[in-house]
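# Architecture at a glance
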Amino acid sequence: EDMGLVEPMMQRLRARASRAEPSDEVAGAEKQKLGRLLGLEVVRLMLDNLTQDERLLPAIRQQIGQLEPALIRLSQGDPRFFSDKQHPARLLLESITQRSLAYASQSEDGFSDLLRSVRGAVRSLARVDATEEVFARLLKSLRRRWEDDDARKNQRRIEAARALMHAEQRQMLA
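Okay, the overall build of the chain next. Counting secondary structure elements, the chain contains eight helices and zero strands. Put simply, the chain runs from its N terminus to its C terminus through helices and strands in the order α-α-α-α-α-α-α-α. By residue count, 35% of the 174 residues in the chain fall in the buried class. Within the chain, contacts between residues separated by at least 24 positions form 68% of all contacts whose residues are at least 6 apart in sequence.

A word on the packing of helix α7 (residues 111-127) against helix α8 (residues 132-173). Two measures define how a pair of helices packs: the angle their axes make with one another and the distance between the axes. Taken N-terminus to C-terminus, the directions of α7 and α8 make an angle of 165°; their axes are 11 Å apart at the nearest point. Judged by the angle between their axes, α7 and α8 are roughly antiparallel. Taken as a pair, α7 and α8 cross one another with a handedness that is right-handed. Side by side, α7 and α8 meet where D113, L114, R116, S117, V118, A121, S124 and L125 of the first sit next to V134, F135, L138, L142, R145, W146 and D149 of the second.

Positionally, S75 belongs in helix α4 (residues 68-77). With relative accessibility at 7%, the residue S75 sits in the buried group. Among residues more than four places away in sequence, those in contact with S75 are G39, V43, F81 and F82.

Moving on: the pattern of salt bridges. For the coordinates displayed, the defined rule picks out eight salt bridges. Measuring nitrogen to oxygen at the nearest pair gives 2.9 Å for the salt bridge that ties R116 to D113. Of the two residues, R116 and D113 are both situated in helix α7; the distance of three residues between them amounts to about one turn of the helix. A relative accessible area of 26% means that D113 is categorised as partly exposed. In this structure, D149 and R152 form a salt bridge, with 2.2 Å as the shortest nitrogen-oxygen distance. Taken together, the residues span about one helical turn, with D149 and R152 both in helix α8 at a distance of three residues. Classification of R152 by relative accessible area gives partly exposed; the value is 47%. The network of salt bridges with common partners includes R80, D84 and E132.

With that out of the way, let us pick up the environment of P69. Note that P69 resides in helix α4. Through-space distance from the C-alpha of P69 to that of V43 is 9.7 Å; in sequence the pair is 26 residues apart.

Now for the nonpolar core. Of all hydrophobic cores here, the largest spans 36 residues; its most connected members are L71 and F135. Looking at this core, the elements with two or more residues in it are α2 (24-51), α3 (58-65), α4, α6 (88-100), α7 and α8. A per-element tally of this core places α7 first, with seven residues. Among all residues touching L71, those that are not within four sequence positions of it are V43, L47, F81, A89, L93 and F135.

About the thresholds
- Residues numbered from 1 in each chain as written.
- Predicted model: local features only at pLDDT ≥ 70, side-chain atom pairs only at ≥ 80, totals over all residues.
- Heavy atoms only, no water.
- Helix = DSSP H or I, 4+ residues; strand = E, 2+ residues; numbered from the N terminus.
- Buried < 20%, exposed > 50% of the residue type's maximum accessible area, 1.4 Å probe, protein only.
- Contact = heavy atoms within 4.5 Å.
- Axes fitted to C-alpha atoms, helices over the stretch in contact; angles between N-to-C directions.
- Parallel < 35°, antiparallel > 145°, perpendicular 65-115°, else oblique.
- Left-handed = near helix turned anticlockwise from the far one by under 90°.
- Salt bridge = Lys/Arg side-chain N within 4 Å of Asp/Glu carboxyl O.
- Core = buried A, V, L, I, M, F, W, Y, C linked by side-chain atoms within 4.5 Å.

As far as function goes, none of this settles anything; it's purely spatial.
In structure tokens, the structure reads:
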């Protein structure tokens, strides 16, 4: 859907650039400016879609919206962000959205941990120069934290199941 919106936008930007009929030197600068404008618009479209997705809880949508400055800076310096589906920044967005889709309400067990980790990631991206490497480290860190959270939850479930079985066994013996 996003790519369908990109083509009309590209045509509008080309029309603006062609009106000026610049020299070769200026044409190169115009093309570069056109590329930056396109990158900016694509990032905004992507984030608009995510921040308006009703399946995501409002707190997560807000955090995704706060990623805009970092993603715009990244897109201006790293064109692979758009062409590589495995780019760490895209994987980070996908991981956050996929993980948050597991929660139907903010009061669910584990959601506060997820939100805390996402907020930490957003804050850390606001303080540093957003590069592919920074996004890769952050993605790895988030995934590690989420795996640890999952392991703790599974351990609690196992312990609860054991306690229930023990109580049932005692009841049967009684």
